[in-house]
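# Chains, contacts and geometry: an overview
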Amino acid sequence: MDAPQRRWQGRRDACTTRVVGPRLRLTVGFIVLCASLGLGAVQPSSATPASTAVDQARRAFAAPPQHYWPRPLWFWNHTRVDAETVRTQMQLARDRSKYGGFGILPFGRAFAPPYLSEEYFAVYGAALEQAEALGLTLSLYDEFGFPSGSAGSQNSSDVSLFAQRWPHLTIKRLDKHEWDVVGPGRFQTNLPSGSLAALVALNPTTFVRHELSDTVREARLDWAVPEGTWKLMVFVCVTDGDPICDYLDPEAADRFIEITHQAYYERFTRHFGTTIDSTFFDEPTLYRAQGRSWTGQFNQKFVARHGFDPRPYYPALWHDIGPQTAAARNYLFGFRTELYATGFTKRIQDWCDAHHITATGHQDQEEVINPVSVSGDLMKCFQYLAIPGIDKIGGDRPAERFYKVVSSAAYNYDRALVMSETYGAMGDLPWEEIYTVAMEQYTKGINLLIPHAVWYDDTQVTFKPELSWRDPRYADRLPEFNTFLARLNVLLQNDAAHVADLALLYPIATLQGSHHLDGPLGHYQGGVAVPEADYVDVAELLSVALGRDFTYLHPEVLDQRCVVEGNRLVLPNRLHPGRFAVLLLPGHKTIHWSSLRKIQAFYEQGGCVIATGTLPSQSAEFGHDAEVARVVEALFGTGDTAAEPATHTVRRNDRGGCAVRLRTLTAASLSGALATAGLDFDVTFEPGRTLRYIHKRWKDRHVFYFANLTPGLTGSTVTLRGRHELESWDPHTGAIEPVAGNVVRHGDTDFTRVELGLPYLKSVFLVSPVSPRPSVP
């Protein structure tokens, strides 16, 4: 069984057992298509001539099979839903809008039949039968309204079926009660209600701490206060009152799955793995409980994981506790994210694996630069999920600046697909913006766009646009647009590897080290601004200004998976093997000592490291601040010299390694620093004429997708590393034409240069449908 068949039917990898792929039925056309392009499917049989396979691939691109058509969220909104109307709307959505299925989202106080009632399941069953008859597929949306986790508490009936049955498993909050105490003397108090998590006295001058939990008797503290001024803090874990499941507790997740996913499975077993191919969760985040989400077993699980008592470090969640502050916060906040990833997301994925479907979903507020009290860690929260996701919605929420974080999570954890819930609450968008958003998403690694939305009752649309055959703004062009998306899916929904020469370290260590609870920005906006966090600015300069694609590397992946091979940093994944020539180090105050050692080894073997901002000075692990300072000075020095370029300083070693430090972060300084590395990049544009792109590869076959999102630009001269025989595949029209490329040689490497005429808001694939000729050695 080859790669895509394993993908659709389930597979085991180094991270987790999982099923990946939004469509579980693998058609013969898809197999031949991917085989002809070399995109990770089974090879055509000897009875299928190569020319026939290519012809079939071209026909699939010209008229994509239905299983590639986009599947919108379908709000069953504010009204009683009946089976006959459901059947009719499904037929019209397929025939008049070219939708390939739905994610059904019950929504609003007036929705009926009652959620999860037998009458409700009867209507849902009618939708399944109609989907089967029409060749459509459904993604099982797991909630009534949103966010996921309550079975009906918000944007719905405001009655949590989960909380009614398991109130003790609802979300928990960490509270701090604090007194200023002067000793010597005696201090007595009754402890506040809640489960005692820690009781610590901190001297804010000397940073001496005493953990006093073991002195408590019958919920009362009687403390002989030492000399000095002390801040006495009691930390208690309490039930928050929000009737959502405790996202950090696997038992709570299992009970949520029992009341939702399992209820569907028991009634519609035969549709799982066929008509129902996935499930979708929506906006479970840590900013709930005032950004202080916690769980009752935190301390016990922490000791089992890390081998030491976390209680003396609890004050660091709010206060400076001295030199150990950043490390303490990394341990505590990092472990909270680990509980989140394993306690909610992984439990859903595990259930899906056992029931022959896959899982996707997204956080809320993904566009917050500091995610520590929002998603915890916008990469790690997807570690166990088959299809990481994001949403692009209205308001001042620039999710496009974070697409690469989520697509990089897929590349780090070796996933084939990246989802975006797109267009919700953006108003009555013009078509130009609809296309712009789609092209930016696909060039930044998203390859599963879920339109938001179609509405059952189009007279009561809560979040525009209403992307259906009924809205005159969209009706006529929806088939054309959905065919465009389907063509993107044909060439980008596969096991082909993402190609990038640059890695950008995801700075979660400094985000956690600089974070504290109850920050001035409020929990919904991340609480604490982190001044050194320039990583998003670096990413946008690379993608937008310089036309350089990259992969964020999570520090755990860098430490545990990456190896140094010669002058390359290698991520030995099966689907997305990374081979990076440059590691960009964005602004850090705090860095994992283990990460810095790997970075130093990369430099010493001839790799290039570029620091874009604040240099690290402290370790995310206890006891390694001095080593961090020593290695940073060895790499980057402590001062500038007048002989060095105005935009950056450079240090080199005898193996060709270079360590570059930017004086200021601009497009020009970053471009100059990259030039210092002396690399031949996989894709290069002529200066000032940068397109957006993504490059994917299967063995020696290549697919490049280019989009022009710059007003006034009419195309560019594109130089591709290697010798390629190319065709242009136009996703707007389905047309396929040969491309004349000039082969040029630079050193020992061949390059293919293409004059690419591409008007504004147009895009094109350059595809090598046959193996390219090898470069001359």
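Think of each chain on its own: its residues are numbered from 1, step by step along the sequence as written. Thresholds applied to this predicted model are a pLDDT of at least 70 for local features of residues and 80 or more for the giving and counting of side-chain atom pairs; totals over whole chains, interfaces and linings are not thresholded and use all residues. Calculation of side-chain values draws on the structure's entire complement of heavy atoms; hydrogens and water are dropped beforehand.

### Some details on the overall build of the chain
A count of helices and strands for the chain gives 19 helices and 36 strands. Radius of gyration: C-alpha atoms only; globule rule: 2.2 Å multiplied by the number of residues to the exponent 0.38. What you see for the chain is a C-alpha radius of gyration of 27 Å, in line with the 28 Å of a compact globule of 777 residues. Taking the principal axes of its C-alpha atoms as reference, the chain extends roughly 90 × 75 × 45 Å. When accessible area is computed with a 1.4 Å probe and restricted to protein chains, residues below 20% of their type maximum are described as buried, those above 50% as exposed, and intermediate ones as partly exposed. When each of the 777 residues of the chain is scored for burial, the buried share is 63%. Taking contacts inside the chain between residues at least 6 apart in sequence as the whole, the part at least 24 apart equals 77%. Note that accessible areas follow from Shrake-Rupley with a 1.4 Å probe, and for residues the cover is restricted to the protein chains shown. Accessible surface computed for the chain: about 26700 Å², of which carbon and sulfur atoms make up 50%. Numbering of helices and strands starts at the N terminus; helices are DSSP runs of H or I of at least 4 residues and strands are runs of E of at least 2. Contacts were defined at the residue level, with two residues in contact if any of their heavy atoms lie within 4.5 Å.

### A look at the packing of helix H7 (residues 250-259) against helix H10 (residues 325-354)
Helix axes are fitted only over the stretch in contact, all axes being lines through C-alpha atoms; the angle between N-to-C directions runs from 0 to 180 degrees. Where H7 meets H10, the closest approach of the two axes is 8 Å, and the angle between their N-to-C directions is 45°. One finds that H7 runs oblique with respect to H10. The interaxial crossing formed by H7 with H10 has right-handed handedness. The segment H7 lies against H10, with Pro-250, Ala-253, Asp-254, Phe-256 and Ile-257 engaging Gly-343, Phe-344, Arg-347, Ile-348 and Trp-351. Gly falls in the polar group here, along with every residue not listed as nonpolar (Ala, Val, Leu, Ile, Met, Phe, Trp, Tyr, Cys, Pro) or charged (Asp, Glu, Lys, Arg). Considered class by class, the residues forming the contact of H7 with H10 number 7 nonpolar, 1 polar and 2 charged. Orientation labels follow simple angle bins: below 35 degrees gives roughly parallel, above 145 gives roughly antiparallel, 65 to 115 gives roughly perpendicular, and whatever is left gives oblique. Crossings are classed by handedness, with left-handed meaning an anticlockwise turn of the near helix from the far one by less than a right angle and right-handed meaning a clockwise turn.

### A closer look at the side chain of His-588
One can find His-588 in the loop between strand E22 (582-585) and strand E23 (590-591). As used in this structure description, the phrase polar contact means that two N or O atoms lie within 3.5 Å; if the pair is within protein, one of them must be able to donate a hydrogen and the other to accept it, and residues adjacent in sequence are counted only when both atoms belong to side chains. Engagement of the side chain of His-588 in a polar contact is seen with the backbone oxygen of Pro-586, the distance being 2.7 Å. Apart from the residues lying within four places of it in its own chain, the contact partners of His-588 are Leu-505, Pro-507, Thr-510, Glu-532, Thr-614, Leu-615 and Pro-616.

### With respect to the packing of helix H15 (residues 535-546) against helix H19 (residues 667-676)
Two elements in contact, H15 and H19, have axes whose closest approach is 10 Å; the angle formed by their N-to-C orientations is 85°. The orientation of H15 with respect to H19, classified from their angle, is roughly perpendicular. Here Val-538, Leu-541, Leu-542, Ala-545 and Leu-546 of H15 come into contact with H19, specifically with Ala-667, Leu-670, Ser-671 and Leu-674.

### Some points on the confidence of the model for the chain
You can read pLDDT as the predictor saying how much it trusts each residue, on a scale of 0 to 100. For the chain, per-residue confidence averages 92 on the pLDDT scale, and residues scoring 70 or more make up 91% of the total. Low pLDDT, under 50, characterises residues 38-47; the stretch is placed with 27 contacts to residues that sit more than four places away or in other chains. In this model residues 770-777 is a low-confidence stretch, pLDDT under 50, and it forms 16 contacts with partners more than four residues away in sequence or in other chains.

### Some details on the sheet that holds strand E8 (residues 209-211)
Here 5 strands make up an open sheet; going across it, the order is E8-E7-E9-E6-E11 and the pairing antiparallel. Whereas interior strands pair on both sides, the edge strands pair on one side only; in this sheet they are E8 and strand E11 (293-294). Where strand E6 (residues 172-190) lies against E11, 2 bridges are found, and the strand directions are antiparallel. Looking across to E11, one finds that Lys-172 is bridged to Trp-294. DSSP-based pairing: two strands are paired if at least 2 bridges between them are found.

### Some points on the sheet that holds strand E29 (residues 692-698)
Across the sheet, which stays open at both edges, the 6 strands sit in the order E16-E29-E30-E36-E32-E33 with antiparallel pairing between neighbours. Since the sheet does not close on itself, it has two edges, and those belong to strand E16 (497-498) and strand E33 (736-738), each with one partner. Pairing analysis gives 7 bridges linking E29 to strand E30 (residues 701-707), with the strands arranged antiparallel. Pairing of His-695 across the sheet is with Phe-704, part of E30.

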